[in-house]
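Here's the letter readout for the chains.
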Amino acid sequence: MPQDALGSKSSGKKRSGGVPRVRSHTDAELQYYRDQDHDIILPASFRARLHDLFLHIEKEFEALYTENLALQEKVENLTERLERESMIGERTIGNDENDAASTKGVLKNKLSGPSSQKVKAANKLRVQTSKIVSSFKNDSVSCRMVREYVGHRDGVWDVAVSRGGTPVIATASADQTACIWGIDGGRNLLQYTGHSGSVNSVKFHPSQDLILSASGDHSAHIWQAAITPDQLRVHSSEDEVDGSDREDEDDGGGIGGGGRLSDGGGVASLRTPLRELTGHTSVVIAADWLPGGDQAITAAWDRTANLYDAHTGELLSQLVGHDQELTHCCSHPTQRLVVTASKDTTFRLWDFREPIHSVSVFQGHTESVTSVSFTREDKVVSGSDDRSVKVWDVKNMRSPLATIRLDSPVNRLAVSSTNVIAIPHDNRHVRLYDLSGNTT
């Protein structure tokens, strides 16, 4: 806002026409200027066209200037109205609390009240203006692509980062494979081909070189994901094409009878899992390890979530209660707590800390809940097709701590170890928020 718009209150009068109006040139004046310019060599048609364009620009500027004056006047009216309402409220409170006050005290309040209220109103207006101005500031985080991982033949549904010290990531794809990539080199180090359906989810074991994957073939697999330092070395393109340095590694397979096989291009391939988790009758959409990695949880379109023994593959418990297909599941990083999301617009919190588990149902969304995730501070972040993301406190989940309103449905979200919420959008952008709902 222009400086004079705020300074106009110093005169104590409402200014409706204090700024001079822009004056348009008359046709006679324009003709005079044309007659005086004997040195202009532009053709008459060009000169006439230029003058017409300048007239149009002048009219547009005049319209904008008039609009600015009207907005300035509206701001002044709102400010005066705010001051009046604040004064009336203050006087009402003062009358209720000081009915027995003396005439001298009342007069003193009347004399000092307006000036103090003007200060309060000015401070409130300044805060509101600061909020508006801050919305135009650039984001504090600047992101750019540093590496691209190419190799899948269909869409990528999930990405996971190793929880250990090995710099690798895993991806799950609709091409029925899961891959492990070196973060620094961007190379495909291992391809898992044991599923017969789309791989919908991948999760690294908390402490071992294992991966848990969920698939559209109605099962979840636990498979070996050990990556050697030699595999992590950034090879030249000639080494990758040759692949001769991988033959010794590939011949040493035998994990569950499958082993690692080279595809001739330097990428190891694994076919057989260490453990196959069965029991669902439909697509397994997500899976996760419980703290410690001794148990695993799966969520499926058959409206159930299953709890398994990760060492034996035994089905320990089947969690029922959702009215429609499950869309996601997630376990707490340190406690035996699990959340499951469903198309029935709810998400459920399952507590396995006692021998007999308990469950709580939360109805905070109006459409399908597509994703849920724990933070390290005992909070749950939920995303939905109702174009909102909500942050909840596990200890008191009657109402959300924060709500993030978006312009598209939320397909999936992730929360970093530093409590940054990443939300991918349909326009191929990813937006970052903190747990208070503010953009970072």
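Since this is a predicted model, take the numbers as computed values, not measurements.

(A) Looking closely at the side chain of Ser331. Structurally, Ser331 is set in strand β15 (residues 326–331). Engagement of the side chain of Ser331 in a polar contact is seen with the backbone oxygen of Trp289, the distance being 2.4 Å. Setting aside its immediate chain neighbours within four residues, Ser331 contacts Asp288, Trp289, Leu290, Leu337, Val338 and Phe374.

(B) Fine view of the nonpolar core. Ile180, Leu190, Val202, Ile211 and Trp223 are the most contacted members of the largest nonpolar core, which totals 18 residues. Elements represented by at least two residues in this core include exactly β2 (168–173), β3 (178–182), β4 (188–192), β5 (199–204) and β9 (268–270). Ignoring anything within four residues of it in the chain, the contact list for Trp223 reads Ala178, Ile180, Leu190, Tyr192, Asp209, Leu210, Ile211, Ser213, Leu270, Pro273 and Leu274. With 14 residues, the next largest nonpolar core counts Leu337, Phe362, Val394 and Met397 among its residues.

(C) Geometry of the state of the cysteines. All told, the structure shown has zero disulfides when counted by the stated rule. The structure places no disulfide on Cys329, whose sulfur is separated from the nearest cysteine sulfur, that of Cys330, by 7.5 Å.

(D) View of the sheet that holds strand β7 (residues 220–224). Taking strand neighbours across the sheet as the criterion, the four strands line up as β5-β6-β7-β10 in an open arrangement whose pairing is antiparallel. Each of the sheet's edge strands pairs with one partner strand only, and the pair in question is β5 and β10 (275–277). Strand-to-strand twist in this sheet, taken as the mean axis angle between neighbours without regard to direction, amounts to 20 degrees. Pairing geometry for β7 and β10, over three bridges, is antiparallel. Of the residues in β10, the one forming a bridge with Ala220 is Leu277.

Rules used in this analysis
Residues numbered from 1 in each chain as written. Predicted model: local features only at pLDDT ≥ 70, side-chain atom pairs only at ≥ 80, totals over all residues. Heavy atoms only, no water. Helix = DSSP H or I, 4+ residues; strand = E, 2+ residues; numbered from the N terminus. Polar contact = N/O pair within 3.5 Å; in protein donor to acceptor, adjacent residues only side chain to side chain. Contact = heavy atoms within 4.5 Å. Core = buried A, V, L, I, M, F, W, Y, C linked by side-chain atoms within 4.5 Å. Buried < 20%, exposed > 50% of the residue type's maximum accessible area, 1.4 Å probe, protein only. Disulfide = S-S within 2.5 Å. Pairing = 2+ DSSP bridges. Axes fitted to C-alpha atoms, helices over the stretch in contact; angles between N-to-C directions.

Read these as layout, nothing more, since geometry by itself doesn't imply function.
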